[in-house]
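So the chains spell out like this:
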Amino acid sequence: MSSVSSAANDRIDADTPDTVRLSESEARALGEGALQRIGYPAEDARIIVDQLIDNALCGYKFAGLPRILAIAGDQKTRKARTPIRVIHETPVSAMLDGGNNVGYIAAYRAAEVAVEKVRAMGIASVGAYNSYYSGRNAYFVERIVSEGYFAFHVASAQPHVLPPGAAAPALGTNPICFGFPSDDGPVIVDMGTASLMWGDVMLHAHLGQPLPEGIGFDSQGQPTTNASEVLKGGVSAFGGYKGYALCFAVQAMGLLAGSMLKSGDPLDYGFYFIALDPKIMLPGGDFARQMSDLVRAVKATPRQSGTDEIRIPSERAYRERDRRRVEGIVLERKVVESLKAL
């Protein structure tokens with residue numbers, strides 16, 4: 001076997017006849033071009049694609065460039081957009097009207113405001129509403145944590161999750177994210193409260209692939225693995241009643257972000273951030289060192305037979321991001337063709 005073939009076999013993502021491997025710059029050009037063709041200004045396209053590329057690099061295939069297809073198909077994309085503006089503000093808080101801009105932009109601006117306020121006051125509470133699709137919470141939180149601050153972020157959404165026993169969805173997929181600065185870089189804990197994120201359902205439907213059993217429901221509330229039918233119904237929360245409780249709590253926190261202010265509907269999008277300077281809790285400024293100590297203590301836990309290491313949240317994503325920056329991003333050929341056809 002040649003060294004080239006051996007190197008290809010060692011790649012983190014396999015190449016198949018149905019996939020295309022792109023460099024990071026090629027993927028950016030593809031994504032930004034598609035977004036500009038559906039009416040996004042160059043700067044907004046750059047902000048959106050920066051997250052989509054980071055999502056793909058970190059191994060979240062459904063949250064990468066395929067999300068542009070979802071943005072293009074959403075009815076809100078075809079409606080008028082207005083500039084994002086602050087409608088209420090105090091020294092430690094702000095509420096942003098997202099102006100029907102996609103959440104990749106509205107939540108990005110809300111995170112910027114959170115950084116400005118926590119830098120000035122040590123604590124910040126920021127919400128954004130009148131928006132949709134914000135993508136991966138960890139992307140925004142990592143930006144805040146990289147400035148040295150603790151961050152908490154939730155995103156409520158329109159109904160896609162069925163409460164236990166329900167025949168129709170009543171909650172969003174509602175991710176929740178924590179971010180902690182450490183001497184060794186950001187530590188991010190990011191998770192959806194749904195058994196499967198909606199973008200993953202949409203990607204499965206686009207590719208004609210079945211979903212795992214036991215998580216999807218059709219328009220009548222009946223279990224199904226057909227992703228196209230699940231798009232007409234919804235998915236369950238993860239972890240039974242405990243996941244449902246977290247999902248409900250995130251929907252409630254969306255109200256703090258103004259989710260009802262535009263539509264009057266409590267089941268709508270709301271992006272909420274809390275940022276905190278650890279120094280207001282630990283005057284000596286030792287939190288980052290203590291966080292690194294915590295990580296090392298957890299990773300030093302005795303391992304069961306066959307376990308190579310104890311990993312902490314975000315560790316896998318960071319490792320894979322470094323590798324894909326060298327190896328490239330693998331996309332389904334059908335997705336690439338669809339993006340070029342927009």
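A few points on the structure.

What counts and how
- Residues numbered from 1 in each chain as written.
- Predicted model: local features only at pLDDT ≥ 70, side-chain atom pairs only at ≥ 80, totals over all residues.
- Heavy atoms only, no water.
- Disulfide = S-S within 2.5 Å.
- Buried < 20%, exposed > 50% of the residue type's maximum accessible area, 1.4 Å probe, protein only.
- 1 Å grid on protein atoms, 1.4 Å probe; cavity = no way out; pocket = protein on both sides within 12 Å on 5 of 7 lines; lining within 4 Å.
- Points joined across faces, edges and corners; volume = space filled by probe spheres on them.
- Helix = DSSP H or I, 4+ residues; strand = E, 2+ residues; numbered from the N terminus.
- Nonpolar A, V, L, I, M, F, W, Y, C, P; charged D, E, K, R; others polar.
- Salt bridge = Lys/Arg side-chain N within 4 Å of Asp/Glu carboxyl O.
- Axes fitted to C-alpha atoms, helices over the stretch in contact; angles between N-to-C directions.
- Parallel < 35°, antiparallel > 145°, perpendicular 65-115°, else oblique.
- Contact = heavy atoms within 4.5 Å.
- Pairing = 2+ DSSP bridges.
- Expected span 1.5 Å × (residues − 1).
- Arc of directions from axis to C-beta.

What to know about the state of the cysteines
Now for step 1: For the structure on display, the rule yields zero disulfides.
Now for step 2: For the unlinked cysteine Cys 247, the closest cysteine sulfur is that of Cys 177, found at 16 Å.
Now for step 3: According to the relative accessible area criterion, Cys 247 is buried, its value standing at 0%.

Points about the layout of surface pockets
Now for step 1: Empty space within the largest pocket amounts to approximately 910 Å³.
Now for step 2: Taken together, 45 residues make up the lining of the largest pocket; nearest its centre are Phe 62, Gly 135, Thr 173, Pro 175 and Met 197.
Now for step 3: Elements with a contribution of two residues or more to the lining of the largest pocket: helix H4 (66-73), helix H6 (137-145), strand E5 (150-156), strand E8 (187-191), helix H7 (198-207) and helix H12 (315-327).
Now for step 4: Here the lining of the largest pocket is composed, by residue class, of 23 nonpolar, 13 polar and nine charged.
Now for step 5: Volume-wise, the second largest pocket comes out at about 250 Å³.

Thoughts on unusual backbone geometry
Now for step 1: For Asn 130, which is not a glycine, the phi torsion comes out positive at approximately 55 degrees.
Now for step 2: Within the secondary structure layout, Asn 130 lies in the loop between strand E4 (123-129) and H6.
Now for step 3: Take Asn 130: its relative accessible area is 16%, and that puts it in the buried class.
Now for step 4: One non-glycine residue, Tyr 133, lies in positive phi territory at about 45 degrees.
Now for step 5: Considering the arrangement of structural elements, one finds Tyr 133 in the loop between E4 and H6.
Now for step 6: Judged by relative accessible area, which is 10%, Tyr 133 ranks as buried.

Observations concerning the pattern of salt bridges
Pairing is possible between side chains that carry opposite charge, provided their charged atoms lie close to one another.
Now for step 1: Using the criterion set out here, one finds 27 salt bridges in the structure.
Now for step 2: Across the pair Arg 321 and Asp 54 runs a salt bridge whose closest N-O atoms are separated by 2.9 Å. Taken together, the residues span a long stretch of sequence, with Arg 321 in helix H12 and Asp 54 in helix H3 (residues 42-57) at a distance of 267 residues. Just as Arg 321 is buried, Asp 54 falls in that class too.
Now for step 3: Taking the shortest distance from any N to any O, the salt bridge between Lys 232 and Glu 229 comes out at 3.2 Å.
Now for step 4: Judged by relative accessible area, Glu 229 falls into the partly exposed class, the value being 28%.

A short note on the packing of H4 against H7
Angle between the axes and distance between the axes: these two values describe a pair of packed helices.
Now for step 1: Contact geometry of H4 with H7 gives a least axis separation of 10 Å together with a crossing angle of 95 degrees. The pairing of H4 with H7 is recorded here as roughly perpendicular in orientation. Seen from H4, the contacting residues are Pro 66, Arg 67, Leu 69 and Ala 70; seen from H7, they are Gly 199, Met 202, Leu 203 and His 206.
Now for step 2: When grouped by side-chain class, the residues that make up the contact of H4 with H7 number five nonpolar, two polar and one charged.

Some words on the sheet that holds strand E10 (residues 234-236)
Now for step 1: One open sheet holds the three strands; their spatial order is E6-E10-E9, and the pairing between them is mixed. Edge positions in the sheet fall to strand E6 (161-162) and strand E9 (216-217), since each of these pairs with one other strand and no more.
Now for step 2: As paired strands, E9 and E10 are joined by two bridges and run antiparallel to one another. Note that in E10 the partner of Gly 216 across the bridge is Val 235.

Remarks on helix H2 (residues 24-37)
An α-helix turns once every 3.6 residues. As a result, residues three or four positions apart point the same way.
Now for step 1: Over its 14 residues, H2 runs 20 Å from end to end, which matches the ideal 20 Å to within 8%, given 1.5 Å per residue.
Now for step 2: Within H2, the full set of buried residues consists of Ala 27, Leu 30, Gly 31, Ala 34 and Leu 35. With its buried residues spanning 120 degrees around the axis, H2 presents them on a single face. Among the exposed residues of H2, those oriented more than 90 degrees off its buried face are Ser 25 and Ala 29.
Now for step 3: Buried-residue contacts for H2 involve strand E1 (19-22), H3, H4, strand E12 (329-332) and helix H13 (333-341).
Now for step 4: Two residues or fewer past H2, Gly 39 is found with a positive phi of approximately 105 degrees.

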